[in-house]
Amino acid sequence: MSKIFVDACFRKPTPYTPVWMMRQAGRYLPEYMKVRAQAGNFLNLCHNPALAAEVTIQPLDIVGVDAAILFSDILVIPNEMGMHLDFIKGEGPIFKDPIVNEADIDALIGGEIAANKLTYVYETIKLLKQQLPEDKALIGFTGAPWTLATYMIEGQGTKTYNLCKKMMYSEPELLHKILRKVTEVVKFYMEKQIESGIDVVQIFDSWAAAIEPSKYDEFSWKYMVEIADYLKEKYPHIPIIMFPKGVAAFIERGLVYGNFDVFGVDWGTPMAMAKEKLGSKYVLQGNMEPCRLYSKEATTQCVEGIQKIMQGAGHIFNLGHGILPDVPVENAIHFVKECQRVSKK
């Protein structure tokens, strides 16, 4: 049975434009909060295949989206590379011993050995393949090497990125050494996700906007493209989505390249500009401002506007970043229904 989401990634005809949301298995859903409480904490939930599979499926049943995205976290990668990860309430993820020098990088577990430790992710995927409806796609994902490196160097989320950017300008080879090591783990990790049964890959570069446009290719995009090349050579039938957040200047300057299928457009990038620059090469995904979900009227207005711009072009509806925890569930349902309504062929 064909999957509408996979078909859309390859520009095949679909009865309507498919829709999903980043962070769709999340805190806005009471059902998710119940399972998370059962798990004890966020990391326990990531490590429990049965519960992770349960929350992955919830948005399909409750909200009506066209694809499930694997419930996990990007930081399980550095965690299994040997960095101790804690999620502290009110503070978020913390690595208590961040990377400061070459010896720290050398001490990290690399390549397939690190990827092999992520068995709970692969078990979750295998469970999902048994449970998901045949017409629903399963999206696997990874953080981009740059986004992962920022956490590994800063030790936590940051608004200034001063430690990793200090390394970028004063010790660029040290930063490249981290990025190369992470890239190798990600290649094997995504390969093992595909072998376990995912239908689509998304590479998130959440902190792309921290890099000035003239440096973005060198320190992030080229590594993402390397991962895509590696996967496409082995698995040409698996669509790849690139989602770098906050890179309108990079797009506008015509610097996006690579062997992938879908480009995720964040809410700060005008959809018309993204279509002009990229629409002939890639299917575009996005890009509603997530805060519009607080208003059904604002949601409808935006969905109709995006549909008008993307009419006749390759497109997948999504938010321009993740859904927020206090969005009413009925508003998320409204978004999905409106996307399907305006795009019915």
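Quantities reported herein were computed from a predicted structural model and do not represent experimental measurements. (Residues numbered from 1 in each chain as written. Predicted model: local features only at pLDDT ≥ 70, side-chain atom pairs only at ≥ 80, totals over all residues. Heavy atoms only, no water.)

Enquirer: For this particular structure, what's the right way to read helix α10 (residues 162-170)?
Expert: Each full turn of the α-helix corresponds to 3.6 residues, which orients residues three or four apart in the same direction. If you check which residues of α10 are buried, you get Cys164, Met167 and Met168. Projection of α10 onto a plane perpendicular to its axis shows the buried side chains occupying an angular sector of 105°, all on one side. (Buried < 20%, exposed > 50% of the residue type's maximum accessible area, 1.4 Å probe, protein only. Helix = DSSP H or I, 4+ residues; strand = E, 2+ residues; numbered from the N terminus. Arc of directions from axis to C-beta.)

Enquirer: Sorry, what's going on with the UniProt feature "binding site: substrate" (unreviewed entry) in the protein chain here?
Expert: Using the residue numbers shown here, the UniProt feature "binding site: substrate" (unreviewed entry) corresponds to Arg23, Gln24, Ala25, Gly26, Arg27, Asp73, Tyr151, Ser206 and His321. A maximum C-alpha distance of 22.9 Å among these annotated residues, which run over 299 residues, shows that they spread across the structure rather than meeting at one spot. From the list above, the largest pocket is lined by Arg23, Gln24, Ala25, Gly26, Arg27, Asp73, Tyr151, Ser206 and His321. One can find Ala25 in the loop between α1 (4-9) and α2 (30-39). According to the relative accessible area criterion, Ala25 is buried, its value standing at 11%. Ala25 has contacts with Tyr32, Val55, Thr56, Pro59 and Phe71, leaving out every residue within four places of it along the chain. Here Tyr151 shows up in helix α9 (residues 145-154). Once residues lying within four places of it in the same chain are set aside, the contact partners of Tyr151 are Ile74, Leu75, Pro93, Phe95, Gln156, Gly157 and Trp207. (UniProt positions renumbered as here; feature names shortened; annotations may be inferred. 1 Å grid on protein atoms, 1.4 Å probe; cavity = no way out; pocket = protein on both sides within 12 Å on 5 of 7 lines; lining within 4 Å. Contact = heavy atoms within 4.5 Å.)

Enquirer: Would you explain the UniProt feature "site: Transition state stabilizer" (unreviewed entry) in the protein chain in this entry?
Expert: On the UniProt side, "site: Transition state stabilizer" (unreviewed entry) is annotated at positions that read Asp73 here. Checked against the element boundaries, Asp73 lands in the loop between β1 (67-69) and α5 (76-80). What makes Asp73 buried here is its relative accessible area of 17%. Not counting chain neighbours up to four residues away, the residues in contact with Asp73 comprise Phe42, Cys46, Phe87 and Phe141.

Enquirer: What's the story with unusual backbone geometry in this structure? I'm lost.
Expert: Peptide bonds are mostly trans, and most non-glycine residues show a negative phi. Across the junction of Gly286 and Asn287, the peptide omega takes the value 0°, indicating a cis bond. Here Asn287 shows up in the loop between β8 (283-286) and α15 (296-310). Phi angles above zero are rare outside glycine, and Arg11 is one such case at about 65°. Of note, Arg11 is situated in the loop between α1 and α2. By relative accessible area, which is 39% here, Arg11 ends up partly exposed. Phi at Arg23 is positive, roughly 60°, even though this residue is not glycine. Summarising the element assignment, Arg23 is placed in the loop between α1 and α2.

Enquirer: Would you mind showing me how to read the pattern of salt bridges here?
Expert: Close approach of charged atoms allows side chains with opposite charge to pair. Applying the stated criterion across every chain, the model contains 14 salt bridges. The salt bridge partner of Glu184 is Lys187, with a shortest N-O separation of 3.0 Å. In this pair, Glu184 and Lys187 both sit in helix α11 (residues 172-196), three residues apart, roughly one turn of the helix. Given the relative accessible area of 32%, Glu184 is considered partly exposed. Residues participating in the shared-partner salt-bridge network are Glu102, Asp106 and Lys177. (Salt bridge = Lys/Arg side-chain N within 4 Å of Asp/Glu carboxyl O.)

Enquirer: Explanation requested: the layout of surface pockets in the structure shown.
Expert: It is a probe the size of a water molecule, rolled over the atoms, that shows where empty space is left. A volume near 1600 Å³ is recorded for the largest pocket. If you go around the largest pocket, you meet 48 residues; those closest to its centre are Arg23, Arg27, Phe42, Asp73 and Phe87. Among the elements of the structure, α2, α3 (42-47), β2 (85-88) and β3 (92-95) are those that each provide at least two residues to the lining of the largest pocket. Broken down by element, the residue count for the lining of the largest pocket peaks at four residues, all from α2. The class makeup of the residues in the lining of the largest pocket is 27 nonpolar, 13 polar and eight charged. (Points joined across faces, edges and corners; volume = space filled by probe spheres on them. Nonpolar A, V, L, I, M, F, W, Y, C, P; charged D, E, K, R; others polar.)

Enquirer: Help me understand the packing of α10 against α11 in this model?
Expert: Two numbers describe a pair of packed helices, the interaxial angle and the distance between the axes. α11 packs onto α10 with a crossing angle of 115° between their chain directions and a minimal axis gap of 5 Å. Side by side, α10 and α11 meet where Cys164, Met167, Met168, Tyr169 and Ser170 of the first sit next to Pro172, Leu174, Leu175 and Ile178 of the second. Of the residues in the contact of α10 with α11, the class split is eight nonpolar, one polar and no charged. (Axes fitted to C-alpha atoms, helices over the stretch in contact; angles between N-to-C directions.)

Enquirer: Can you walk me through the state of the cysteines in this structure?
Expert: Each disulfide consists of one covalent bond between the sulfur atoms belonging to two cysteines. Counted according to the given criterion, the structure contains zero disulfides. Take Cys302: it sits in no disulfide, and the sulfur closest to it among the cysteines is that of Cys339, at 8.9 Å. You can call Cys302 buried: its relative accessible area is 14%. (Disulfide = S-S within 2.5 Å.)

Enquirer: I would appreciate a short explanation of the nonpolar core in the present structure.
Expert: In a soluble, globular protein the nonpolar side chains are often hidden away together inside. In terms of nonpolar packing, the biggest core is built from 130 residues, with Phe5, Met21, Trp221, Phe263 and Phe335 touching the most fellow members. Of the residues forming this core, the biggest block, ten residues, is contributed by α11. Aside from chain neighbours lying at most four places away, what touches Phe263 is Trp221, Met242, Pro244, Val247, Ile251, Val256, Leu278, Tyr282, Val283, Leu284 and Gln285. (Core = buried A, V, L, I, M, F, W, Y, C linked by side-chain atoms within 4.5 Å.)

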